[in-house]
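Letter by letter, the chains look like this.
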Protein chains: 2
Amino acid sequence: MILEEMIEAARGGRTIDLLLRNCKLVIVLSGEIYETDIGIWNGRVIGFGSYKAKEEIDLEGMYVAPGFFDGHAHLESTMLMPSEFAKAVLPHGTTSVIFDPHEIANVLGLEGIRYVLETTENLPLNVFLVLPSCIPATELETSGARLLAHDLEIFKDEERVLGLAEIMNYPGVIYNNPEVIEKLKVFFGKVIDGHAPGLTGKELMAYAVTGIGSDHECTTLEEAEEKLRLGMHIIIREGTTAKNHDELIKLASKHPTSRIFFCTDDKQPDDIEETGHIDHIVRKAIASGVNPITAYQMASINPATYFKLSWKFGSISPGRRADILALDDLKKVSIRKVFVKGQLVAEDGEVIPGVIKPTTFPIRGTINVAWLYKEDFKIRAKGRYINIIEVIPEQVITKKRVEEAKVENGYAVSDTERDILKVAVIERHMASGRIGLGFVRGFGLKSGAIASSVAHDSHNIIVIGTNDDDMLLAAVKIVKMQGGQVVVSNGEIIETFPLPIAGLISDRPYDEVKSACKRIREAAYRIGSKLKDPFMNMSFLALAVIPEIKITDKGIVYVNKFEFIPLFTGEKNE
Amino acid sequence: MILEEMIEAARGGRTIDLLLRNCKLVIVLSGEIYETDIGIWNGRVIGFGSYKAKEEIDLEGMYVAPGFFDGHAHLESTMLMPSEFAKAVLPHGTTSVIFDPHEIANVLGLEGIRYVLETTENLPLNVFLVLPSCIPATELETSGARLLAHDLEIFKDEERVLGLAEIMNYPGVIYNNPEVIEKLKVFFGKVIDGHAPGLTGKELMAYAVTGIGSDHECTTLEEAEEKLRLGMHIIIREGTTAKNHDELIKLASKHPTSRIFFCTDDKQPDDIEETGHIDHIVRKAIASGVNPITAYQMASINPATYFKLSWKFGSISPGRRADILALDDLKKVSIRKVFVKGQLVAEDGEVIPGVIKPTTFPIRGTINVAWLYKEDFKIRAKGRYINIIEVIPEQVITKKRVEEAKVENGYAVSDTERDILKVAVIERHMASGRIGLGFVRGFGLKSGAIASSVAHDSHNIIVIGTNDDDMLLAAVKIVKMQGGQVVVSNGEIIETFPLPIAGLISDRPYDEVKSACKRIREAAYRIGSKLKDPFMNMSFLALAVIPEIKITDKGIVYVNKFEFIPLFTGEKNE
């Protein structure tokens, strides 16, 4: 009887739940600001104008806009449980988010997807999923799962599953990898998101022809324009590391904006607190000259339309979900109140106590490592020169360099003077005992070691250290914690940040996670880290799809050729 | 293997079917004109730029735009079979049409819907259906079918069935008519089109809250703006009778246009030839100041997006259907070539011979009338004054008047001097013998009678005449033809226009139908018709949902009160 009752409510035939009075409503559908009262019944907007309501809130002329969409995000990058993620983003006006559970699925497979689906079911935040399309990311590493088309199909008809997430394996699309093609076929007609940085010309045509409908990896205006012309929606990303707003917002002055929207992709919890979430991007867009109503459209109705959700989300209009922001200032995006399903969930930057009820969903431990010995970390010297990885601060790419090895007693060891440190990647999914060993430059540690179970995309344990004892201690601590991050110095554990959920996500509240993030970073500074975010840089050392040289549990990968190379090399200038 | 082959084609790895060279491509997605070549393989656009192709067509710098959508049309109003409809509209650039088979379903029920679905399957025209939602239109007449939610559900999962057509019964929505509500529930989440002329305020809220997503009945800017704000897409209609472009195009300068598009609704075949189809509306929009690219968007990607078809239709981009127009002049919309599925189907105003293969789909005869006698048309005089229907030229509404009856031998008869003519509506679906009798002013016939089996919405036989003999002859001829239109004078049939398909549609070619339309009209002029289109006006005399006074097989309807009134009335000025 809901429909009949909703109609009756809209017509004024019954007392409604809530009337928001004196609103300056941002109508994203008609592109205008309209002064009215807004009627809400049973979580839906039912009409504008005067209604008899159980409760009235006088918004005293505040602006009112639809809740924001994050068009592509990885929960795991926030290290927060879904309930804590909701606490973090709701005060910033994000009421809908499209999660790609790529990281947790690399570790836990289908169970990881189910974890995200089930723990988000009853949140006052609309969580939709696109299914991770590339697990494992490469054959050059050991992941916790392999998901084929028929695995993903299990979730295809779930109400909150919209389609397929970022197809990173673009060579697989373009050159007809059967596993990739099968996934495209199974999800044909559903949402299929793209991920094709720098792809252009005929190869981009071959990628676009499959129905892949979006891209969030553009870094230049020209790249985004080319993709827009080919039918792809452009998702402007502004995360903790990748920041594309300043370049891509130029699109808005040159093209229709209805196929452009926003995402964070990867954003850390302390960064969310400091800068904001989608509100931050809306603010930047307006500051750079975009018409405010257009900016609000890009954060609401545009993604809702792309994801085929506009009949229920993305605008404040009859029948749509009452996901509503009340703002003091439209241009500054100063959010005073946030309503989800007609319920006040956040006010003045804080979530209303009690509105978020955490869901427990027990998942198995994921750190499955054979017994570790100090000898596992030793590297017998087999030549004078070594291929080393050089990190670039705050970037995901690395450079391949050749340096002379420091050799002691026939073993290659870390050299703090030249900042060439040993790095180990320990397979942690199936206790294979596999360890990849190499050297990295740029971390600057003077003593001790750092370790983490967050290491894209397979999330094996990664350790960087000045000596084998501390590396062993750090790795063993990760195993004992069943995942997390650790800083060790001179045989002592000086800081830990447990991430017991898949070795990726904390089980602690948002406030604790934010401070843990800072504490573990500061501990790394104390042992000499020159990098602003050493754990972030370390987590990408194993990402064997991004140039130029990476390390996995299987060895050192020269990404430009997608092949393994030996640590020791004949010549300095090979 | 199609997807793999399409990818290979897009990448340049195989010879494609067709390359359109030297195009000024109107990219509706990015809102710009872009000079390029366009590659086509297997009916799809696969990419831009140079490709090795079996065939090349040099378009020598012509503009190239996506084929047009008619967002809401009744095939029956054209009186053309689908194959002939395609011949009529393809040269005008309409490559996709959304049919609402409302008329034929009123006569034939599910069989009528199946007729339209099956005869459009293999046309070089993309035909989609929305299912008629209000059959019968009212309880005040006898229709050939009654379609409930579970009947319509049969077609719900057909690939080309998009949802539910114009919900005309808006009182039924607003005041919870169970049959209407059940239909809304069954089709919830699919396309549901609206039809709510003049509806406003709370009643419009109650209508919009159900998820009804469009309206094509707006007549004023204010009305359209109100509906746009409430989440309804505005379909600007420009048909043979209802012409809303000039008023509604004002929307385009005040609001975002992405939720606005075009339709013809009801357009007669000779009118299509003379003025055009969707091209006519695009031309008018540009002439009234709309940016040409915006006008082309309103005719292509906007409806494609609303109908959730944009992944395959509505733009020229990789993976989309190669439905392409080549134009000499963008502003004049002078269409030189029309491609559907990559095949040239029309050129310089003519369909390419052989591209349209008519589908035969036998359906039963629909004129089921009991034996008719002259006495059936007689009206025994029961008073001095009668309620008469006054027509308004080229309008659908009528006015109720009271006049003195002309009485001969105790019977009320037609009075050509005062232009008060007898009108009869003969039930033709189930041979009930039911005849509604009344009088009408405004047709101006001086002798004979006219009759038609086209009489909205139930399409019973309607006859207007100066004497009972000719009325009988005209009606009997309709029965013998199994539907159509006829003009009779002094005991002779002077013109006929057979419509054997449901009594609504001709089985003859487009050219013949156009001239038959003119001939039958001209025959009516010869017996005195003062109306420009007497058959059109006559067809709306039975439409008991449009004010003010109408006649059905059940009697005279005072529409403003939705009730029957007697022919004879006590006073002139009651």
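A short tour of the structure in this document, coming up. (Residues numbered from 1 in each chain as written. Chains lettered and ligands numbered in written order. Predicted model: local features only at pLDDT ≥ 70, side-chain atom pairs only at ≥ 80, totals over all residues. Heavy atoms only, no water.)

**Overview of the overall build of chain A**
The following threshold applies: Note on conventions: DSSP H or I runs of at least 4 residues are helices, E runs of at least 2 residues are strands, and numbering of each starts at the N terminus. Throughout, the radius of gyration refers to the C-alpha atoms, and the reference size of a globule is 2.2 Å times the residue count to the power 0.38. Throughout, exposure labels follow a simple rule: accessible area from a 1.4 Å probe, protein chains only, divided by the maximum for the residue type, with under 20% read as buried, over 50% as exposed, and the rest as partly exposed. For this analysis, residues touch if any pair of their heavy atoms sits within 4.5 Å. Accessible surface is estimated by sampling points in the Shrake-Rupley manner with a 1.4 Å probe; for residues, cover comes only from the protein chains shown.
For chain A, the count of helices and strands is 19 helices and 30 strands. Taken over the C-alpha trace, chain A has a radius of gyration of 25 Å; the compact-globule value for 574 residues is 25 Å, and the two agree within 12%. Expressed as a percentage of its 574 residues, the buried residues of chain A come to 65%. Intrachain contacts of chain A at a sequence separation of at least 6 include 69% that bridge at least 24 residues. Of the accessible surface of chain A, which amounts to about 19700 Å², a share of 47% is contributed by carbon and sulfur atoms.

**Structural notes on the relation of the copies chain B and chain A**
Definition in use: To line up the copies, we fit them by least squares on C-alpha atoms, keeping just the residues with pLDDT of at least 70 in both.
With an RMSD of 0.0 Å, chain B superimposes on chain A once it is rotated by 180° and translated 0.0 Å along the axis. Considering both components of the superposition, the chain copies are consistent with a two-fold axis. When the interface residues of chain B are mapped onto chain A, 100% of them are again interface residues, pointing to one common binding face.

**A short note on the sheet that holds strand β29 (residues 563–565) of chain A**
Residue and element names in this part refer to chain A. Short version of the rule: Paired strands, as defined in this entry, are two strands with at least two bridges between them according to DSSP. Interaxial angle, 0 to 180 degrees, is taken between N-to-C directions of lines fitted to C-alpha atoms, where a helix line uses only the stretch in contact.
If you trace the three strands from one edge of the open sheet to the other, you get β27-β28-β29, paired in antiparallel fashion. Because the sheet does not close on itself, it has two edges, and the strands there are β27 (549–552) and β29. Each strand axis lies, on average, 45° off the axis of its neighbour in the sheet, ignoring direction. In the sheet, strand β28 (residues 555–558) pairs with β29 via three bridges, with the strands oriented antiparallel. The partner of Y558 across the bridge, within β29, is E563.

**Some details on the interface of chain B and chain A**
Here is the rule: Salt bridge, as used here: a side-chain nitrogen of Lys or Arg that lies within 4 Å of a carboxyl oxygen of Asp or Glu. Counted as a polar contact is a pair of N or O atoms within 3.5 Å, where, for protein atoms, one must be capable of donating a hydrogen and the other of accepting one, and residues adjacent in sequence contribute only when both atoms are in side chains.
At the interface, 52 residues of chain B touch 52 residues of chain A. Linking chain B to chain A there are four salt bridges. Between chain B and chain A we count 14 residue pairs in polar contact (both at pLDDT 80 or more) in total. Those elements giving two or more residues to the side of chain B that touches chain A turn out to be α1 (2–11), β2 (32–41), β3 (44–48), α7 (170–174), α8 (178–186), α9 (201–208), α10 (221–229) and α16 (301–306) of chain B. If you tally residues by element for the side of chain B that touches chain A, the top one is α1(B), at six residues.

**Quick notes on the nonpolar core**
Let me state the cut-off plainly: Residues grouped as a nonpolar core are buried Ala, Val, Leu, Ile, Met, Phe, Trp, Tyr and Cys residues, joined through side-chain atoms within 4.5 Å.
Of all hydrophobic cores here, the largest spans 382 residues; its most connected members are A:Y296, A:F443, B:Y296 and B:F443. Each residue touching A:Y296, except ones within four places of it in the same chain, is listed here: A:V26, A:V28, A:A65, A:F68, A:V282, A:I286, A:L327, A:D329, A:L330 and A:V333.

**Some points on the packing of helix α1 (residues 2–10) of chain A against α8(B)**
Quick reminder of the rule: Reported orientations rely on four angle classes, namely roughly parallel under 35 degrees, roughly antiparallel over 145, roughly perpendicular from 65 to 115, and oblique for the rest. A crossing counts as left-handed when the near helix is turned anticlockwise from the far one by less than a right angle, and as right-handed when that turn is clockwise. Three categories are distinguished: nonpolar for Ala, Val, Leu, Ile, Met, Phe, Trp, Tyr, Cys and Pro, charged for Asp, Glu, Lys and Arg, and polar for the others, with Gly belonging to the last.
Orientation of α1(A) relative to α8(B), taken along the N-to-C sense of each, is 110°, at an axis distance of 10 Å. Overall, the two elements α1(A) and α8(B) adopt an arrangement that is roughly perpendicular. Where α1(A) crosses over α8(B), the two elements pack in a sense that is right-handed. Note on element contacts: α8(B) touches α1(A) through B:I181, B:L184 and B:K185, opposite A:L3, A:E4 and A:I7. For the contact of α1(A) with α8(B), the class distribution of residues is four nonpolar, no polar and two charged.

**Focus on the sheet that holds strand β15 (residues 343–347) of chain A**
All names here are of chain A. Strand order in the open sheet formed by eight strands is β3-β2-β1-β4-β13-β14-β15-β16, and the pairing between neighbours is mixed. Of all strands in the sheet, those with a lone pairing partner are β3 (44–48) and β16 (350–351), marking the two edges. Relative to strand β14 (residues 334–340), strand β13 (residues 324–329) runs antiparallel, the two sharing five bridges. Each bridged residue has a counterpart across the sheet, and for L327 the counterpart in β14 is I335.

**Here's the deal with the packing of aromatic side chains**
The description of an aromatic ring pair uses the distance of the two centres, along with the angle that the planes make with each other. Test applied: Think of it this way: a Phe, Tyr or Trp ring, Trp meaning its six-membered ring, pairs with another when their centres are within 6.5 Å, and the plane angle makes it stacked under 30 degrees, edge-to-face over 60, tilted otherwise.
For the structure on display, the rule yields 16 aromatic pairs over all chains. Pairing A:W311 with B:F188 gives two aromatic rings, centres 5.4 Å apart and planes at 90°, and the pair type is edge-to-face. Of the two residues, A:W311 sits in the loop between α16 (301–306) and β13 while B:F188 sits in the loop between α8 and β9 (191–194), which places them in two different chains. By relative accessible area, which is 38% here, B:F188 ends up partly exposed.

**Observations regarding the pattern of salt bridges**
All names here are of chain A. Taken as a whole and assessed by the stated rule, the structure comprises 81 salt bridges over all chains. For the salt bridge of K54 with D17, the shortest nitrogen-to-oxygen distance reads 3.4 Å. With K54 in strand β4 (residues 53–66) and D17 in strand β1 (residues 16–27), the pair connects residues that are 37 residues apart, well separated along the chain. Salt-bridge contacts for R321 lead to D323; the nearest nitrogen and oxygen are separated by 3.9 Å. Taking relative accessible area as the criterion, R321 reaches 11% and is therefore assigned buried. A cluster of three or more residues bridged by salt bridges with shared partners is formed by E390, R401, E403, D415, R418 and R441.

**Comments concerning the pairing of strand β12 (residues 260–263) of chain A**
All names here are of chain A. Neither face of β12 is open: one carries I260 and F262, the other F261 and C263, and all of them are buried. In this sheet, β12 lies alongside strand β11 (residues 233–237) in parallel orientation, the contact comprising four bridges. The residue of β12 that forms the bridge with R237 is C263.

**Considering the pairing of β4(A)**
All names here are of chain A. Two elements, β1 and β4, share eight bridges in a ladder whose sense is parallel. Bridge pairing in β4 places C23 opposite M62. Here β4 runs beside β13; their pairing, made up of four bridges, is antiparallel. When the bridges of β13 are listed, P66 appears paired with I324.

**Considerations on helix α3 (residues 82–89) of chain A**
Residue and element names in this part refer to chain A. For α3, the tally of buried residues reaches seven of eight residues, placing the bulk of the element in the interior. Taken together, the buried positions of α3 are occupied by P82, S83, E84, F85, A86, A88 and V89. Of the surrounding secondary structure, the elements contacted by the buried residues of α3 are α2 (75–78), β6 (94–99), α5 (110–119), α13 (269–275), β16 and α18 (510–526).

That's the geometry; what it means functionally is another story.
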